[in-house]
Amino acid sequence: MKNVLAVFIVLATGLFVVLAWFQSGGGERRQMRSASTPEQAARFLLSEIQDRNFERAYEQLANRSDVDKKTFIREFNGSDGSLLTYASLETFDVWGLRTDAQEASVRARLHYTTAVGPLDDVRDIKLERRGETWKVLWPVNPTPKLPPQVIPVNYLRWDVINPRDGDDWGVQSVDSPQVRIISMNAISRPDSVVLVGEVVNEDSVPAYVNVGATLLDASGAELAQESSFDKISHTLLPKQVSPYRIDFPNLRLERVKKVRMDVKALLESASADPVIEISQQKIETDPLGKQVLSGQLVNESGQVVNIPHVIAAYYDSNGKVIWVSDGYVAQALLPQVPVPFAVDLPAEVAKNVHSYRVVVNHFNTTAQT
Amino acid sequence: MKPGFPILLVMVASLSAWAAEMHAPAQVTAGTSLAIATNGSGRGTFYLIGPAKVSKRDIQMGSQISVDADELERAGRYLAILCASDGCTATNFSVIAAAPNRLSLLVHPSRVPVAMSNGITTVAFVFDNFRNLVLKSAPVEFTILPKDGSELRATRQSEHGVAWVTMTSARKEGITRIGASVGHASEVRVVQQVASDACNLRIKASRVNRELLVETDPVRDCSGNPVPDGTVVSFTMTDMGGKTTVDVPIKRGIAKITMPIKGRARISVASGVVTGNDLEVTGG
Amino acid sequence: MKNQLRSFFIFLTIWVAGLLLLRFSVSAGELPRVELSADNIQPRPIEDLTAKSVPRDYALAWQSMERALEENRSELLDAYWTGLAKDDLASRIKTQIGARLRTRYVDGGHKLEAVFYSPAGDALELKDHVHAQLQILDEDKVVYQEAMIVDYMVLMTPGADRWLVRDLEALSPAKPE
């Protein structure tokens, strides 16, 4: 009886181990390791990246001699406090584009979860046949290296001294910055109401700005209240203009009779740097067939920008803001190194876009003084 | 007018007619002591109910109850209640603010564009030494001391404890000191008069190596004041490579940026809602 | 005979007071009635939104004060009181606790008259004509009660999302109407 129990425990444990292995994708990896098709090879590489087995992923590359291992790992693991350092590859899709006897290309959509929400990355991957298996030819993109140098910055910064607790009322105080909403447009979307527009800091000091809105029905009753959340550049330097967008999900525009806007501005310690140039902006169709506004960001200053956030306002031929879209950029901005970006644009909006304007918001994950 | 209240008051008053009596002055000045005369004999309990303090103590009926000055610092309505074995009696009296000796001075805004009509408002609340609002009218003297000018004075009578003035900001940027005084109290605030929006915003371009240096002329407002450093100037360039935009803060009076250029380019400039001139340039 | 007459009169007074209390007062938990008039305000008119929020916030301030003074709980003042007015009430509650006293108001309504609204919108001065029943309780025994009619000078300043009472100063002793 004792032996039966012991055998049962050993068998059950073995069964659980096998089940766990399959559950964790081990079977799939085993199957993919054979990489008899280009898609299988790409999937295998990406599953290793998903498991953060970067060394093993690197071993799958056909052109290891050309690809620096550290650079390869940084592409997925992030660096310089970029958004990818706070992200994990959650899922991916791979589908074939072209296959011939020796070479093939596939398209992969990588879906990351990040500290600021989901992030999608679409890549075209080339592969080559090595005997019976396919191996990934990783693109060789030598990272532009900035020669060591000193970049002089006439550092311009505002600091705020707030009143202390217990200070008397009516003693010297500093007013909140003057900001103004310069445009607002209510847009009906199939499943929501969206308010878009622009806000300007009219003051001579930086402002921390947030735009909120309340929708009212014909009887004056409140339908919904929302704020721009991260679809705005919160820190506005003097005379700086930011687009904003406020989403009201599950609401129809026909029900809305009145909109009450509320813009709040607080004094904020801020720096006039970094200056980020947004170049090569154009509206184009991405590999997935979606309309995007793409371009590249160039950090003109000497400090690293960890997490760039692009916000774009689109105007019709009358100069009215008809849409605002935004997106986080996975890579950090190193000084003077261009980094590409692309933000989505709904197809029905794209056809009415006459011009657009892009601003870059940024978040630093390490304190810089 | 609610008809029930007078009846009630008469009844309450008649009730108190039988109880022990107290005599307090109808009005005293904040921070002064007070003596309340009582009649009767035996022990009693005295209650003093004020806006910021209540107290309760045993007293000898027929003696004077002294209320210390520190119990009467807050202006308002005070209730004195005396309870003896045969019931309670009460009287109320007012404590009024002492002489003006403090000011709360609200000056807005703390930053104001130059030459703004009635752009600065100054409100003075008059308090006594115990921070009671002084409701009796008092002359408040306002002074304005511009950075490079002579002092201006104006006097306003306070009403309900408050006096105010409005003024137009100067045409020249810089700080101005605004003061108010009443009695022994005086307060000063600083208002920063800043340049208004940019006026005649102009850019010029020159070639630096293979890039284009675009810079503004010194950015000034319509009164000729330099627009403060840090103010953002937006450059937009459209060339064969697409559109390039950069928000550049003014440093040392000008904003400048170098941009790569492909073929013919059109460059425009703006600061806030103010737009400047456009440039047509040809690159390499 | 005199003592009997006196007892009868005391009973009658309390009975009538009770009837009046029921007729004119708001029940516990109900917001005091506040009517705002801003016809004579200086130097600028009051905004529509402010004209709606001030009476509401002032009523809530009185409601919280009445509860705080009756229950001797100064934390109830946090929401609608600030500055010296809050300090005064907190100090009064502290001394009430020390003397085992409580103050009970039965609010009969407020007529607010706005007299000054600062150009920057950061201070509002009002006169309040208050009707209320006031009781002073020593432990649970009522040692004094009256129907009070008092004028107050009120200073309100804006907080993050509401108007707060910064100063409350009675102008005159009770006077019958």
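Preceding this paragraph is the structure being described.
Fair warning: this is a prediction, and the values are worked out from it, not measured in the lab.

A few points about the overall build of chain A
Counting secondary structure elements, chain A contains six helices and 19 strands. Put simply, of all contacts in chain A between residues at least 6 apart along the chain, 64% involve residues at least 24 apart. Looking at chain A as shown, the accessible area adds up to about 19,300 Å², and 52% of this sits on carbon and sulfur atoms.

Some thoughts on the packing of aromatic side chains
For the coordinates displayed, the defined rule picks out 11 aromatic pairs over all chains. Ring geometry for F72 of chain A versus F76 of chain A: centroids 5.6 Å apart, planes at 65°, classification edge-to-face. Of this pair, F72 of chain A and F76 of chain A both sit in helix α5 (residues 69-77), four residues apart, roughly one helical turn. Taken together, the ring pairs connect Y58, F72, F76 and W138 of chain A into an aromatic cluster. The residue whose ring lies beneath K243 of chain B is Y356 of chain A, and the NZ or CZ to ring-centre distance is 4.5 Å. In this arrangement the basic side chain of R162 of chain C is found over the ring face of Y80 of chain C, its NZ or CZ atom lying 4.7 Å from the centre.

Let's talk about the nonpolar core
Within the largest apolar cluster, 47 residues are counted, with the highest numbers of intra-cluster contacts made by W81 and Y152 of chain C. For this core, the secondary structure elements donating two or more residues are β4 (43-49) and β7 (76-84) of chain B together with α2 (48-71), α3 (83-99), β2 (101-117), β3 (124-138), β4 (141-158) and β5 (163-170) of chain C. No other element matches α2 of chain C, which puts eight residues into this core. Excluding residues within four positions of it along the chain, W81 of chain C makes contact with A61, W62, S64, M65, K86, L89, L164, V165 and L168 of chain C. Counting residues in hydrophobic clusters, the runner-up holds 33 residues, among them F92, L119, W138 and Y328 of chain A.

Re the state of the cysteines
All names here are of chain B. In the structure shown here, the tally under the stated rule is two disulfides over all chains. C83 shares a disulfide with C88; S-S distance 1.9 Å. Between C83 and C88, the S-S torsion sits near 105°, and that sign places the bridge as right-handed. On the basis of relative accessibility, which here comes to 25%, the residue C88 falls in the partly exposed class. Put simply, C199 and C222 are joined by a disulfide, and their sulfur atoms are 2.0 Å apart. Linking C199 and C222, the disulfide has an S-S dihedral of approximately 80° and is accordingly described as right-handed. Linking C199 in strand β17 (residues 198-199) with C222 in the loop between β20 (220-221) and β21 (232-239), this pair joins segments that are 23 residues apart in sequence. C199 sits in the partly exposed class, given a relative accessible area of 22%. We classify C222 as exposed; its relative accessible area is 63%. Bonded cysteines in chain B are paired 1-2, 3-4 when counted in the order they occur along the chain.

So, the sheet that holds strand β9 (residues 100-108) of chain B
All names here are of chain B. If you trace the three strands from one edge of the open sheet to the other, you get β9-β11-β14, paired in antiparallel fashion. The open sheet has two edge strands with one neighbour each: β9 and β14 (162-167). Averaged over all adjacent pairs, the angle separating strand axes in this sheet is 20°, with direction ignored. Where β9 meets strand β11 (residues 120-128), eight bridges bridge the pair, whose relative direction is antiparallel.

The rules behind the values
Residues numbered from 1 in each chain as written. Chains lettered and ligands numbered in written order. Predicted model: local features only at pLDDT ≥ 70, side-chain atom pairs only at ≥ 80, totals over all residues. Heavy atoms only, no water. Helix = DSSP H or I, 4+ residues; strand = E, 2+ residues; numbered from the N terminus. Contact = heavy atoms within 4.5 Å. Areas by Shrake-Rupley, 256 points an atom, 1.4 Å probe, with all protein chains shown as cover. Phe/Tyr/Trp six-rings, centres within 6.5 Å; stacked < 30°, edge-to-face > 60°. Lys NZ or Arg CZ within 6 Å of the ring centre and 35° of its normal. Core = buried A, V, L, I, M, F, W, Y, C linked by side-chain atoms within 4.5 Å. Buried < 20%, exposed > 50% of the residue type's maximum accessible area, 1.4 Å probe, protein only. Disulfide = S-S within 2.5 Å. Pairing = 2+ DSSP bridges. Axes fitted to C-alpha atoms, helices over the stretch in contact; angles between N-to-C directions.

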